[in-house]
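# Examination of the molecular architecture
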Amino acid sequence: MNASPIDLQFLEEASDGNHAEMMDLVHTARTDMRQQLEALTQALLGGDLLVIKNAAHKVKGSSAMIGAHALKAVCLQIEMAAKAGTRDPLAGFEVQCDSEARRVLDALDACR
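The following paragraphs examine the structure supplied in this document. (Residues numbered from 1 in each chain as written. Predicted model: local features only at pLDDT ≥ 70, side-chain atom pairs only at ≥ 80, totals over all residues. Heavy atoms only, no water.)

With that settled, consider the overall build of the protein chain. What the protein chain contains, in helices and strands, is five helices and zero strands. The helix and strand sequence of the protein chain, counted from the amino end, reads α-α-α-α-α. Against the globule reference of 13 Å for 112 residues, the protein chain gives a C-alpha radius of gyration of 14 Å, in line with a compact fold. Along the first, second and third principal axes, the C-alpha set of the protein chain runs to 45 × 30 × 20 Å. By the burial criterion, 38% of the 112 residues in the protein chain qualify as buried. Charge centroids of the protein chain, computed over 11 positive and 16 negative side chains, lie 5 Å from each other. (Helix = DSSP H or I, 4+ residues; strand = E, 2+ residues; numbered from the N terminus. Rg over C-alpha atoms; globule rule 2.2 N^0.38 Å. Buried < 20%, exposed > 50% of the residue type's maximum accessible area, 1.4 Å probe, protein only. Lys, Arg positive; Asp, Glu negative; His and termini not counted. Charge placed at Lys NZ, Arg CZ, Asp CG, Glu CD.)

Shown next, in the form of structure tokens:
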């Protein structure tokens, strides 16, 4: 069985153990993450490296806020490749990002 893509202990600590506050974080993350991931997908399709870098940076930040460490790591790779002007690894990173994003969104949905 795969470990959760979200660090629930991190979320609990971020909300000071307040369940209602944690659920607010989850709700906000679920909404924001979907929008940010769509923007990243569109950026990757468009190919503009500056737009890709900025979109990956936003998803990376949101991932960090909810303890989605694997998604944060792949977004950092996308951001760094785009910043370096390196297009070749982006396709592989996109696949990794998509897979991890699905896991994160499923986990956020399960937190209802």
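Let us look at the side chain of S63. Within the secondary structure layout, S63 lies in helix α3 (residues 49–66). Ignoring sequence-local partners within four residues, the contact set of S63 consists of M33, A68, L71 and K72. (Contact = heavy atoms within 4.5 Å.)

Turning our attention to the packing of helix α2 (residues 19–46) against helix α5 (residues 90–110). For the pair α2 and α5, interaxial distance at closest approach is 11 Å and the crossing angle is 160°. Taken together, α2 and α5 sit at an angle that is classed as roughly antiparallel. When you trace α2 past α5, the crossing you get is left-handed. Two secondary-structure elements touch here, α2 through V26, A29, R30, M33, R34, L37, L40 and L44 and α5 through L90, E94, C97, A101, V104, L105, L108 and D109. For the contact of α2 with α5, the residue count by class is twelve nonpolar, no polar and four charged. (Axes fitted to C-alpha atoms, helices over the stretch in contact; angles between N-to-C directions. Parallel < 35°, antiparallel > 145°, perpendicular 65-115°, else oblique. Left-handed = near helix turned anticlockwise from the far one by under 90°. Nonpolar A, V, L, I, M, F, W, Y, C, P; charged D, E, K, R; others polar.)

Turning next to the pattern of salt bridges. Following the criterion strictly, the structure yields five salt bridges and no others. One salt bridge connects D109 with R34, and the closest N-O pair in it is separated by 2.8 Å. Residue D109 is located in helix α5, and its partner R34 is located in helix α2; the two are separated by 75 residues in the primary sequence. Given a relative accessible area of 24%, D109 falls into the partly exposed group. (Salt bridge = Lys/Arg side-chain N within 4 Å of Asp/Glu carboxyl O.)

Any functional reading would require information beyond the geometric quantities listed.
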